[in-house]
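Below are the chains, spelled out letter by letter.
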Amino acid sequence: MEKINAVITGIGGYVPDYVLTNDEISKMVDTNDEWIMTRIGVKERRILNEEGLGTSYLARKAAKQLMQKTGVNPDEIDVVLVATSTGDYHFPSTASILCDKLGLKNAFAFDLQAACCGFLYALEVAASLIVSGRHKKVILVGADKMSSMVNYQDRATCPIFGDGAAAVLLEGTTEEIGVVDSMLYTDGKGLPFLHMKAGGSVCPPSYFTIDNKMHYLYQEGRTVFKYAVSSMSDVTAKIAERNNLTKDNIDWVIPHQANLRIIDAVASRLEVPMDKVMINIQNYGNTSAATLPLCLWDYEKKLKKGDNIIFTAFGAGFTYGALYMKWGYDGAKR
Ligand code: UT7
């Protein structure tokens, strides 16, 4: 039997209309555009501010665009996988809500939580499902409504994050394209530096947790920054070496969009020029599990079949890793 590879065959994306600018943030907390641009690299971010809408709304918009662009038959979707840390509810899964909204009748659906590394981990899982030969078409969504857990009185975190979603379709192929290799890791020692203190089973919601602002994202930025630079740089260098990839044959690097200085560090370690690095942090900020597919969404028209792409991400946990893929098609699908 011929070997099956898992390849991305289409992309859809969605960011909310509301643009939260640095000027507006500067009215909420003691900060300014110059600090945010030089220390983080975010100019503006999109916020889902309509009441009653959660992450499944972002995911649904992205998945609908994906289905329209690829023309995939909804009855042929086997699996829906949503990478998110900001699901609509603790349960049921956001993926199950998405199944209903998309009218999918033949799929099983689940969420995967690996913080900002969610899409990368989910891509590995989705690719394995395809390579097994048991599943033919997987919709994989990276979606996060980060505004639902950001404290807009905390200047150390509120300029960083935004809301968004992007979805890809994964299918099998016998061509030499698609996911080639991955190196994924989890170092649970990251817990103290990046987490939400309450709302989970250790510390369920109470008046105390609300009064003490324990339902917001908590980050020790400097420590997370150091881990992110070294982990992402090391793992991308390792996966490049293992696959004989150098600055000359890497076509694109797609790094998690958490901080432009982290992205610069990863690119310089690989000696890859910045025009081969996908960057959209200035427009959307850190959308957590959505950053990698939103890069694909923005750069789709520039991609060519066979392009060598390295994805890399880092997130709470700590979770981190890199994945090497050969791209599957030329230009943008409409
Ligand atoms: O996606 C998951 C992974 N997350 C990340 O990868 C994020 C990693 N961390 C970072 O990107 C950076 O650490 C931050 C952007 C969060 C912070 O940048 P930094 O250069 O590490 O700043 P810092 O926390 O060391 O703070 C430097 C100074 C402090 O003042 P003092 O103590 O030196 O007087 C802060 O109080 O900057 C101050 N500061 C600000 N000043 C103006 C912190 N936030 C702001 C702000 N505006 N918004």
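Rules behind the numbers
- Residues numbered from 1 in each chain as written.
- Predicted model: local features only at pLDDT ≥ 70, side-chain atom pairs only at ≥ 80, totals over all residues.
- Heavy atoms only, no water.
- Near = heavy atom within 4 Å.
- Polar contact = N/O pair within 3.5 Å; in protein donor to acceptor, adjacent residues only side chain to side chain.
- Areas by Shrake-Rupley, 256 points an atom, 1.4 Å probe, with all protein chains shown as cover.
- Helix = DSSP H or I, 4+ residues; strand = E, 2+ residues; numbered from the N terminus.
- Nonpolar A, V, L, I, M, F, W, Y, C, P; charged D, E, K, R; others polar.
- Domains from an automatic or database assignment.
- Salt bridge = Lys/Arg side-chain N within 4 Å of Asp/Glu carboxyl O.
- Phe/Tyr/Trp six-rings, centres within 6.5 Å; stacked < 30°, edge-to-face > 60°.
- Buried < 20%, exposed > 50% of the residue type's maximum accessible area, 1.4 Å probe, protein only.
- Lys NZ or Arg CZ within 6 Å of the ring centre and 35° of its normal.
- Pairing = 2+ DSSP bridges.
- Axes fitted to C-alpha atoms, helices over the stretch in contact; angles between N-to-C directions.

Some details on the site of the ligand
Here's step 1: Taken together, 22 residues lie near the ligand, and Thr31, Arg39, Arg222, Asn259 and Asn286 sit nearest.
Here's step 2: Between the ligand and the protein, one listed contact pairs an oxygen atom with a side-chain N or O atom of Arg39 at 2.8 Å.
Here's step 3: One of the side-chain nitrogen or oxygen atoms of Gln219 is found 3.2 Å away from a nitrogen atom of the ligand.
Here's step 4: For the ligand, whose free accessible area comes to 950 Å², the fraction covered by protein is 76%.
Here's step 5: Mapped onto the shell around the ligand, the elements with two or more residues apiece are helix H2 (33-39), helix H7 (221-242) and helix H8 (260-270).
Here's step 6: Ranked by residues supplied to the shell around the ligand, first place goes to H7 with 4 residues.
Here's step 7: Taken together, the residues of the shell around the ligand break down into 11 nonpolar, 6 polar and 5 charged.
Here's step 8: Counting contributing residues, the shell around the ligand receives three or more from each of domain 1 (5-176) and domain 2 (180-274 + 302-333).

Looking at the pattern of salt bridges
Here's step 1: A complete count under the given rule lists 8 salt bridges for this structure.
Here's step 2: Residue Lys43 is joined to Asp33 by a salt bridge in which the shortest nitrogen-to-oxygen separation is 3.0 Å. Placement of Lys43 in the loop between H2 and strand E3 (44-47) and of Asp33 in helix H2 is noted, with a sequence separation of 10 residues between them.
Here's step 3: One salt bridge in this structure joins Lys305 and Glu175, with 2.8 Å as the shortest N-O distance.

A short note on the packing of aromatic side chains
Here's step 1: Applying the stated criterion to the full structure yields 10 aromatic pairs.
Here's step 2: With 6.0 Å between their ring centres and 85 degrees between their planes, Tyr14 and Tyr57 make a pair best called edge-to-face. Of this pair, Tyr14 sits in strand E1 (residues 5-14) while Tyr57 sits in helix H3 (residues 55-70), placing them 43 residues apart in sequence.
Here's step 3: Take Tyr14: its relative accessible area is 15%, and that puts it in the buried class.
Here's step 4: Measuring from centroid to centroid gives 6.0 Å for Phe108 and Phe110, while their planes differ by 10 degrees, and the two rings are stacked.
Here's step 5: Exposure remark for Phe108: the relative accessible area of 38% places this residue in the partly exposed category.
Here's step 6: Seen from the ring of Tyr218, Lys197 lies directly overhead, with NZ or CZ sitting 4.0 Å from the centre.
Here's step 7: Here the guanidinium or amino end of Lys333 rests over the ring plane of Tyr329, the centre of that ring lying 4.4 Å away.

A few points about the sheet that holds strand E4 (residues 79-83)
Here's step 1: Spatially, E1-E7-E6-E4-E5 is the arrangement adopted by the 5 strands of the open sheet, whose pairing is mixed. Two strands lie at the open edges of the sheet, namely E1 and strand E5 (108-112), each paired on one side alone. Direction aside, the axes of adjacent strands within the sheet are offset by 20 degrees on average.

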